[in-house]
Amino acid sequence: MERGMALVLGATGGIGGETASALLRRGWKVRALARDPARAAAQWPAGTPRPEWVGGDAMDPASVLAAARGAALIVHAVNPPGYRNWETLVMPMLESTIHAAEVTGARIVLPGTVYNYGPDAFPDLVESSPQYPVTRKGAIRVRMEQRLREAAAHGVRTLVVRAGDFFGPRAGNNWFSQGLVKPGKPLAAITDPGRRGVGHQWTYLPDMAETIMRLVEREHALGVFDNFHMEGHWDPDGTRMHAAIRRASGRPDLRVRRFPWWLATLASPFVPVFRELREMRYLWQRPVRLRNARLVALLGSEPHTPLDTAVAATLEGLGCLGAPRQHGEGQAA
(Lines give C-alpha, C1' and ligand atoms only; values in the text may rest on other atoms or scores of the structure.)
Protein backbone atom coordinates (compact mmCIF):
# COMPACT_ATOMS: atom_id res chain seq x y z
CA MET A 1 0.00 0.00 0.00
CA GLU A 2 1.35 3.42 -0.95
CA ARG A 3 1.91 5.84 1.89
CA GLY A 4 -0.99 8.23 2.12
CA MET A 5 -3.33 9.30 4.86
CA ALA A 6 -4.43 7.11 7.77
CA LEU A 7 -7.16 7.70 10.32
CA VAL A 8 -6.49 6.33 13.81
CA LEU A 9 -9.37 5.83 16.23
CA GLY A 10 -8.03 5.39 19.76
CA ALA A 11 -4.74 7.24 19.25
CA THR A 12 -4.74 8.28 22.93
CA GLY A 13 -4.43 4.62 23.94
CA GLY A 14 -1.65 2.08 23.82
CA ILE A 15 -1.81 0.33 20.46
CA GLY A 16 -3.54 3.25 18.76
CA GLY A 17 -0.82 5.66 19.84
CA GLU A 18 2.00 3.30 18.88
CA THR A 19 0.45 2.61 15.47
CA ALA A 20 -0.02 6.33 14.84
CA SER A 21 3.65 6.90 15.69
CA ALA A 22 4.77 4.04 13.42
CA LEU A 23 2.73 5.47 10.55
CA LEU A 24 4.23 8.93 11.06
CA ARG A 25 7.76 7.54 11.11
CA ARG A 26 7.09 5.88 7.77
CA GLY A 27 5.95 9.06 6.12
CA TRP A 28 2.18 8.64 6.39
CA LYS A 29 -0.09 11.57 7.14
CA VAL A 30 -2.05 10.65 10.26
CA ARG A 31 -5.37 12.03 11.38
CA ALA A 32 -6.50 11.15 14.91
CA LEU A 33 -10.08 11.41 16.14
CA ALA A 34 -10.66 12.49 19.74
CA ARG A 35 -13.55 13.91 21.74
CA ASP A 36 -11.16 16.53 23.15
CA PRO A 37 -8.48 17.09 20.48
CA ALA A 38 -6.73 19.89 22.39
CA ARG A 39 -6.26 17.68 25.44
CA ALA A 40 -5.14 14.74 23.30
CA ALA A 41 -2.59 16.92 21.50
CA ALA A 42 -1.23 18.22 24.81
CA GLN A 43 -0.70 14.65 26.05
CA TRP A 44 1.13 13.45 22.94
CA PRO A 45 4.79 12.55 23.67
CA ALA A 46 7.03 15.58 23.27
CA GLY A 47 9.71 15.61 20.59
CA THR A 48 7.97 13.09 18.31
CA PRO A 49 6.05 13.51 15.04
CA ARG A 50 2.47 14.50 15.73
CA PRO A 51 -0.82 13.52 14.10
CA GLU A 52 -3.49 15.96 13.02
CA TRP A 53 -6.08 15.90 15.80
CA VAL A 54 -9.71 16.37 14.86
CA GLY A 55 -12.75 16.52 17.10
CA GLY A 56 -15.37 13.82 16.99
CA ASP A 57 -16.78 10.69 18.56
CA ALA A 58 -16.32 7.14 17.30
CA MET A 59 -19.99 6.54 18.13
CA ASP A 60 -20.99 9.13 15.52
CA PRO A 61 -20.79 7.77 11.95
CA ALA A 62 -20.75 11.27 10.48
CA SER A 63 -17.73 12.27 12.60
CA VAL A 64 -15.79 9.17 11.61
CA LEU A 65 -16.65 9.54 7.92
CA ALA A 66 -15.62 13.20 7.90
CA ALA A 67 -12.30 12.32 9.54
CA ALA A 68 -11.76 9.42 7.13
CA ARG A 69 -12.08 11.46 3.93
CA GLY A 70 -9.01 10.73 1.83
CA ALA A 71 -7.79 7.91 4.09
CA ALA A 72 -6.30 4.70 2.73
CA LEU A 73 -6.25 3.11 6.19
CA ILE A 74 -8.50 3.23 9.26
CA VAL A 75 -6.96 1.86 12.46
CA HIS A 76 -9.81 0.82 14.75
CA ALA A 77 -8.07 0.82 18.14
CA VAL A 78 -10.80 2.47 20.17
CA ASN A 79 -12.49 0.95 23.23
CA PRO A 80 -15.11 2.25 25.66
CA PRO A 81 -13.35 4.13 28.49
CA GLY A 82 -12.84 2.32 31.76
CA TYR A 83 -14.21 -1.01 30.49
CA ARG A 84 -17.72 0.41 30.82
CA ASN A 85 -20.68 -0.36 28.57
CA TRP A 86 -18.93 -2.70 26.18
CA GLU A 87 -22.22 -4.37 25.30
CA THR A 88 -23.78 -1.12 24.06
CA LEU A 89 -20.81 0.85 22.67
CA VAL A 90 -18.41 -1.52 20.92
CA MET A 91 -20.54 -2.58 17.95
CA PRO A 92 -21.88 0.92 17.14
CA MET A 93 -18.30 2.24 17.11
CA LEU A 94 -17.31 -0.54 14.73
CA GLU A 95 -20.28 0.23 12.49
CA SER A 96 -19.02 3.82 12.22
CA THR A 97 -15.67 2.53 11.00
CA ILE A 98 -17.21 0.07 8.55
CA HIS A 99 -19.41 2.79 7.08
CA ALA A 100 -16.41 5.08 6.62
CA ALA A 101 -14.44 2.28 4.96
CA GLU A 102 -17.33 1.51 2.61
CA VAL A 103 -17.44 5.12 1.44
CA THR A 104 -13.69 5.79 1.24
CA GLY A 105 -12.37 2.37 0.22
CA ALA A 106 -9.91 2.36 3.12
CA ARG A 107 -8.63 -0.86 4.68
CA ILE A 108 -9.59 -1.37 8.32
CA VAL A 109 -6.92 -2.51 10.77
CA LEU A 110 -8.21 -4.15 13.97
CA PRO A 111 -5.78 -5.04 16.78
CA GLY A 112 -7.01 -8.42 18.03
CA THR A 113 -6.78 -10.32 21.31
CA VAL A 114 -6.96 -13.90 22.59
CA TYR A 115 -10.36 -13.19 24.15
CA ASN A 116 -12.02 -14.75 21.10
CA TYR A 117 -10.90 -18.22 22.15
CA GLY A 118 -12.13 -20.59 24.81
CA PRO A 119 -10.36 -23.50 26.53
CA ASP A 120 -11.47 -25.90 23.77
CA ALA A 121 -8.87 -24.29 21.47
CA PHE A 122 -5.99 -24.14 23.98
CA PRO A 123 -3.03 -24.27 24.27
CA ASP A 124 -1.77 -23.49 20.74
CA LEU A 125 -3.80 -21.04 18.69
CA VAL A 126 -3.53 -20.52 14.94
CA GLU A 127 -5.57 -18.24 12.72
CA SER A 128 -8.05 -21.02 11.90
CA SER A 129 -8.61 -22.15 15.51
CA PRO A 130 -12.31 -22.30 16.46
CA GLN A 131 -13.64 -19.29 18.35
CA TYR A 132 -15.94 -20.30 21.19
CA PRO A 133 -15.42 -17.60 23.83
CA VAL A 134 -16.41 -18.07 27.47
CA THR A 135 -16.59 -14.38 28.46
CA ARG A 136 -18.74 -11.39 27.56
CA LYS A 137 -15.83 -9.46 26.10
CA GLY A 138 -14.75 -12.51 24.14
CA ALA A 139 -18.23 -12.88 22.64
CA ILE A 140 -18.18 -9.22 21.61
CA ARG A 141 -14.76 -9.66 20.04
CA VAL A 142 -16.07 -12.59 18.01
CA ARG A 143 -19.07 -10.53 16.90
CA MET A 144 -16.74 -7.74 15.79
CA GLU A 145 -14.75 -10.05 13.56
CA GLN A 146 -17.87 -11.74 12.23
CA ARG A 147 -19.25 -8.33 11.27
CA LEU A 148 -15.99 -7.47 9.52
CA ARG A 149 -16.15 -10.74 7.59
CA GLU A 150 -19.67 -9.85 6.51
CA ALA A 151 -18.45 -6.44 5.37
CA ALA A 152 -15.61 -8.12 3.47
CA ALA A 153 -18.21 -9.90 1.34
CA HIS A 154 -19.18 -6.41 0.14
CA GLY A 155 -15.59 -5.35 -0.55
CA VAL A 156 -14.57 -3.79 2.78
CA ARG A 157 -10.95 -4.84 3.40
CA THR A 158 -9.87 -5.73 6.95
CA LEU A 159 -6.61 -6.78 8.58
CA VAL A 160 -6.72 -8.32 12.08
CA VAL A 161 -3.41 -8.65 13.96
CA ARG A 162 -3.82 -10.74 17.10
CA ALA A 163 -1.42 -10.71 20.03
CA GLY A 164 -1.00 -11.69 23.68
CA ASP A 165 -1.25 -9.40 26.70
CA PHE A 166 -0.12 -5.89 25.84
CA PHE A 167 2.61 -3.90 27.54
CA GLY A 168 4.43 -0.75 26.52
CA PRO A 169 5.27 2.85 27.47
CA ARG A 170 1.82 4.18 26.52
CA ALA A 171 -0.34 1.24 27.53
CA GLY A 172 -2.86 2.06 30.26
CA ASN A 173 -5.54 -0.64 30.31
CA ASN A 174 -3.71 -3.95 30.46
CA TRP A 175 -2.49 -6.54 32.92
CA PHE A 176 1.05 -5.18 33.08
CA SER A 177 0.03 -1.68 34.19
CA GLN A 178 -3.10 -2.64 36.12
CA GLY A 179 -1.85 -5.84 37.68
CA LEU A 180 1.91 -6.36 37.77
CA VAL A 181 2.94 -2.78 38.61
CA LYS A 182 1.37 0.51 39.70
CA PRO A 183 1.90 3.35 37.18
CA GLY A 184 3.33 6.55 38.57
CA LYS A 185 4.81 4.90 41.65
CA PRO A 186 8.27 3.45 42.38
CA LEU A 187 8.23 -0.32 42.32
CA ALA A 188 7.54 -1.88 45.70
CA ALA A 189 6.57 -5.35 44.50
CA ILE A 190 5.46 -7.31 41.46
CA THR A 191 1.89 -8.57 41.59
CA ASP A 192 1.49 -11.87 39.75
CA PRO A 193 -2.00 -12.93 38.61
CA GLY A 194 -0.78 -16.23 37.12
CA ARG A 195 -0.77 -19.76 38.43
CA ARG A 196 2.73 -20.92 39.39
CA GLY A 197 4.51 -22.67 36.56
CA VAL A 198 1.97 -21.67 33.88
CA GLY A 199 3.30 -19.95 30.75
CA HIS A 200 2.01 -16.60 29.53
CA GLN A 201 2.32 -14.61 26.31
CA TRP A 202 3.13 -10.91 26.19
CA THR A 203 3.30 -8.43 23.31
CA TYR A 204 5.32 -5.22 23.33
CA LEU A 205 3.09 -2.65 21.64
CA PRO A 206 5.80 -0.96 19.51
CA ASP A 207 6.51 -4.43 18.06
CA MET A 208 2.83 -4.89 17.29
CA ALA A 209 2.66 -1.51 15.60
CA GLU A 210 5.73 -2.37 13.52
CA THR A 211 4.14 -5.69 12.55
CA ILE A 212 0.99 -3.89 11.43
CA MET A 213 3.09 -1.55 9.31
CA ARG A 214 4.98 -4.34 7.59
CA LEU A 215 1.74 -6.13 6.78
CA VAL A 216 0.08 -2.97 5.47
CA GLU A 217 3.07 -2.43 3.20
CA ARG A 218 2.32 -5.84 1.64
CA GLU A 219 -1.23 -4.99 0.61
CA HIS A 220 -0.84 -7.05 -2.55
CA ALA A 221 -0.36 -10.19 -0.42
CA LEU A 222 -3.36 -9.63 1.86
CA GLY A 223 -6.84 -11.05 1.50
CA VAL A 224 -9.97 -8.92 1.63
CA PHE A 225 -10.35 -10.18 5.21
CA ASP A 226 -7.02 -11.34 6.60
CA ASN A 227 -5.66 -12.12 10.04
CA PHE A 228 -2.29 -12.94 11.55
CA HIS A 229 -1.04 -14.03 14.96
CA MET A 230 2.03 -12.67 16.73
CA GLU A 231 4.37 -14.68 18.94
CA GLY A 232 5.53 -11.74 21.05
CA HIS A 233 7.34 -12.76 24.23
CA TRP A 234 6.55 -16.23 25.52
CA ASP A 235 7.21 -16.68 29.23
CA PRO A 236 7.19 -20.48 29.68
CA ASP A 237 6.68 -20.53 33.45
CA GLY A 238 5.65 -17.00 34.36
CA THR A 239 9.02 -15.99 35.85
CA ARG A 240 10.81 -14.35 32.91
CA MET A 241 8.72 -11.20 33.15
CA HIS A 242 9.41 -10.98 36.89
CA ALA A 243 13.15 -11.27 36.23
CA ALA A 244 13.06 -8.62 33.51
CA ILE A 245 11.24 -6.18 35.82
CA ARG A 246 13.83 -6.80 38.52
CA ARG A 247 16.71 -6.18 36.12
CA ALA A 248 15.14 -3.03 34.66
CA SER A 249 14.52 -1.60 38.13
CA GLY A 250 17.91 -2.61 39.52
CA ARG A 251 16.04 -4.41 42.29
CA PRO A 252 17.04 -8.09 42.25
CA ASP A 253 15.30 -8.49 45.60
CA LEU A 254 11.95 -7.11 44.40
CA ARG A 255 9.35 -9.40 45.90
CA VAL A 256 6.56 -11.12 43.98
CA ARG A 257 3.14 -11.30 45.59
CA ARG A 258 0.03 -13.08 44.39
CA PHE A 259 -2.75 -11.10 42.76
CA PRO A 260 -5.71 -10.86 45.20
CA TRP A 261 -8.29 -12.74 43.17
CA TRP A 262 -10.48 -12.96 46.26
CA LEU A 263 -10.66 -9.15 46.33
CA ALA A 264 -11.47 -8.99 42.63
CA THR A 265 -14.32 -11.43 43.26
CA LEU A 266 -15.73 -9.41 46.16
CA ALA A 267 -15.38 -6.05 44.40
CA SER A 268 -16.47 -7.09 40.91
CA PRO A 269 -20.16 -6.22 41.41
CA PHE A 270 -19.16 -2.63 42.23
CA VAL A 271 -15.87 -1.95 40.37
CA PRO A 272 -15.99 -2.43 36.59
CA VAL A 273 -12.22 -2.96 36.26
CA PHE A 274 -12.24 -5.79 38.81
CA ARG A 275 -15.21 -7.37 37.08
CA GLU A 276 -13.38 -7.39 33.75
CA LEU A 277 -10.13 -8.66 35.27
CA ARG A 278 -11.93 -11.46 37.07
CA GLU A 279 -13.66 -12.52 33.87
CA MET A 280 -10.25 -13.04 32.21
CA ARG A 281 -8.79 -15.12 35.02
CA TYR A 282 -9.01 -18.30 32.92
CA LEU A 283 -6.24 -16.95 30.67
CA TRP A 284 -3.87 -17.06 33.65
CA GLN A 285 -4.74 -20.59 34.75
CA ARG A 286 -3.41 -22.50 31.75
CA PRO A 287 -0.93 -21.82 28.95
CA VAL A 288 -2.37 -19.98 25.93
CA ARG A 289 -0.01 -19.40 23.03
CA LEU A 290 -0.61 -17.75 19.69
CA ARG A 291 1.49 -19.28 16.90
CA ASN A 292 2.96 -16.97 14.26
CA ALA A 293 4.00 -19.35 11.46
CA ARG A 294 1.69 -17.65 8.95
CA LEU A 295 3.06 -14.20 9.84
CA VAL A 296 6.66 -15.34 9.52
CA ALA A 297 5.92 -17.02 6.19
CA LEU A 298 4.86 -13.63 4.80
CA LEU A 299 7.26 -11.25 6.57
CA GLY A 300 10.29 -13.51 7.02
CA SER A 301 10.47 -12.63 10.71
CA GLU A 302 8.44 -10.94 13.42
CA PRO A 303 9.54 -7.57 14.89
CA HIS A 304 10.89 -8.44 18.31
CA THR A 305 12.39 -6.01 20.82
CA PRO A 306 14.52 -7.81 23.47
CA LEU A 307 12.50 -8.33 26.64
CA ASP A 308 14.82 -6.35 28.91
CA THR A 309 14.77 -3.36 26.54
CA ALA A 310 10.98 -3.52 26.21
CA VAL A 311 10.36 -3.81 29.95
CA ALA A 312 12.75 -0.96 30.79
CA ALA A 313 11.04 1.35 28.28
CA THR A 314 7.63 0.33 29.62
CA LEU A 315 8.51 0.97 33.26
CA GLU A 316 10.02 4.34 32.38
CA GLY A 317 6.97 5.30 30.34
CA LEU A 318 4.65 4.28 33.16
CA GLY A 319 6.60 6.40 35.64
CA CYS A 320 7.79 3.44 37.71
CA LEU A 321 11.49 4.32 37.50
CA GLY A 322 11.19 7.84 38.86
CA ALA A 323 10.52 9.69 35.59
CA PRO A 324 7.19 11.47 35.16
CA ARG A 325 4.79 10.19 32.54
CA GLN A 326 4.79 12.15 29.27
CA HIS A 327 1.37 11.16 27.97
CA GLY A 328 -2.17 10.28 28.88
CA GLU A 329 -3.16 6.73 29.69
CA GLY A 330 -5.99 6.51 27.17
CA GLN A 331 -7.53 3.21 26.17
CA ALA A 332 -5.63 0.24 24.81
CA ALA A 333 -7.33 -2.06 22.38
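An account of the accompanying structure is given in this report. Starting afresh in each chain, residues are numbered from 1 along the sequence in its written order. Two thresholds apply to this predicted model, a pLDDT of at least 70 for residue-level local features and 80 or more for giving and counting side-chain atom pairs, whereas whole-chain, interface and lining totals are computed over all residues. Derived side-chain values reflect all non-hydrogen atoms in the structure, with water molecules and hydrogen atoms excluded from consideration.

Thoughts on the overall build of the protein chain
No. 1: Think of it this way: any DSSP run of H or I at least four residues long counts as a helix, any run of E at least two long counts as a strand, and we number them from the N terminus. Within the protein chain, the secondary structure is distributed over 12 helices and 14 strands.
No. 2: Atoms counted for the radius of gyration: C-alpha only. Globule rule: 2.2 Å times the number of residues to the power 0.38. The C-alpha atoms of the protein chain give a radius of gyration of 19 Å, which matches the 20 Å a tight globule of 333 residues would have.
No. 3: In terms of overall dimensions, the protein chain has C-alpha extents of about 55 × 45 × 45 Å along its principal axes.
No. 4: Of all 333 residues assigned to the protein chain, the portion counted as buried reaches 57%.
No. 5: Residue contacts follow a heavy-atom distance rule, with two residues in contact if any of their heavy atoms lie within 4.5 Å. For the protein chain, the share of sequence-separated contacts (at least 6 apart) that also reach a separation of at least 24 residues comes to 78%. Relative accessibility under 20% of the residue-type maximum defines a buried residue, over 50% an exposed one, and the middle range a partly exposed one, all with a 1.4 Å probe and only protein chains included.

Let's talk about the sheet that holds strand β10 (residues 200-204)
No. 1: Taking strand neighbours across the sheet as the criterion, the 3 strands line up as β8-β10-β12 in an open arrangement whose pairing is mixed. At either margin of the open sheet sits one strand with a lone partner, and together these are β8 (165-167) and β12 (233-235). Sheet twist, expressed as the mean angle between neighbouring strand axes with direction ignored, is 35 degrees.
No. 2: Only C-alpha atoms enter the line fits that serve as axes; for helices the fit covers just the stretch in contact. Angles between N-to-C directions range over 0 to 180 degrees. Taken strand by strand, helix α7 (residues 205-216) contacts β8, β10 and β12, and its axis lies near 70 degrees from that of β10. Strands are labelled as partners when DSSP assigns at least two bridges between them.

Things to note about the sheet that holds strand β4 (residues 71-76)
Backbone-to-backbone hydrogen bonds join strands into a sheet, with any given pair of strands oriented parallel or antiparallel.
No. 1: Ordered by their spatial adjacency, 7 strands build an open sheet running β3-β2-β1-β4-β5-β7-β11, and the pairing between neighbours is parallel. A strand with exactly one partner marks an edge of an open sheet, and here the two such strands are β3 (52-55) and β11 (225-229). The mean inter-strand angle of the sheet, taken between neighbouring strand axes irrespective of direction, is 20 degrees.
No. 2: Here strand β5 (residues 107-112) runs beside strand β7 (residues 158-162); their pairing, made up of 5 bridges, is parallel.

Thoughts on the pairing of β5
No. 1: Taking burial as the measure, the 6 residues of β5 include 6 buried ones, the bulk of the element.
No. 2: Here β5 shows no split at all, with R107, V109 and P111 on one side and I108, L110 and G112 on the other all buried.
No. 3: Pairing geometry for β4 and β5, over 3 bridges, is parallel. Considered in β5, the bridge of L73 is made with R107.

Let's talk about the pattern of salt bridges
No. 1: A pair is scored as a salt bridge if a Lys or Arg side-chain nitrogen falls within 4 Å of a carboxyl oxygen belonging to Asp or Glu. On inspection of all chains with the given rule, the structure shows 19 salt bridges.
No. 2: Here E279 makes a salt bridge to R136, at a shortest N to O gap of 3.2 Å. Here E279 is found in helix α10 (residues 272-279), whereas its partner R136 is found in helix α5 (residues 136-152), with 143 residues between them in sequence.
No. 3: Residue class for R136 comes out partly exposed when judged on its relative accessible area of 33%.
No. 4: In this structure, a network of salt bridges that share partners links the residues R26, E210, R214 and E217.

Re helix α8 (residues 240-249)
No. 1: Those residues of α8 that fall on the buried side of the exposure criterion are M241, H242, A244 and I245. All buried residues of α8 lie within an arc of 165 degrees about the axis, which places them on one face of the element.
No. 2: Where α8 ends, the next residue or the one after it, G250, has phi of about 70 degrees, a positive value. Here, the arc refers to the directions that run from the helix axis to the C-beta atoms.

Let's talk about the side chain of S129
No. 1: With respect to the secondary-structure elements, S129 resides in the loop between β6 (124-125) and α5.
No. 2: For this analysis, a polar contact is any N or O atom pair within 3.5 Å, provided that within protein one partner can donate a hydrogen and the other can accept it, and provided that sequence-adjacent residues contribute only side-chain to side-chain pairs. Among the polar contacts listed, one links the side chain of S129 to the backbone nitrogen of V126, at a separation of 2.9 Å.
No. 3: When near neighbours in sequence (up to four residues on either side) are disregarded, S129 contacts Y117, A121 and D124.

Looking at a nonpolar patch on the surface
No. 1: Patch construction takes residues with relative accessible area above 30% that form no salt bridge. Like charges are linked within 9 Å, and nonpolar side chains (Val, Leu, Ile, Met, Phe, Trp, Tyr) are linked within 5 Å. Every accessible area reported is derived by Shrake-Rupley at a probe size of 1.4 Å, with residue values counting cover from the shown protein chains alone. Together, W262, L263 and L266 make up an exposed nonpolar region whose accessible area comes to about 350 Å².
No. 2: Tracing the backbone through its elements, the reader meets L266 in helix α9 (residues 261-267).
No. 3: By relative accessible area, which is 57% here, L266 ends up exposed.

Observations concerning the packing of aromatic side chains
No. 1: Pairing of aromatic side chains requires ring centres within 6.5 Å, counting the rings of Phe and Tyr and the six-membered ring of Trp. Pairs whose planes differ by under 30 degrees are stacked, by over 60 edge-to-face, and all others tilted. Applying the stated rule across the entire model yields 11 aromatic pairs.
No. 2: Residues F167 and Y204 carry aromatic rings whose centres are separated by 5.4 Å and whose planes lie at 40 degrees to one another, so their mutual orientation is tilted. Linking F167 in strand β8 with Y204 in strand β10, this pair joins segments that are 37 residues apart in sequence. Each member of the pair, F167 as well as Y204, is classed as buried.
No. 3: Aromatic pair W175 and F259: ring centres 5.4 Å apart, planes at 75 degrees, arrangement edge-to-face. Placement of W175 in helix α6 (residues 175-180) and of F259 in the loop between β13 (256-258) and α9 is noted, with a sequence separation of 84 residues between them.

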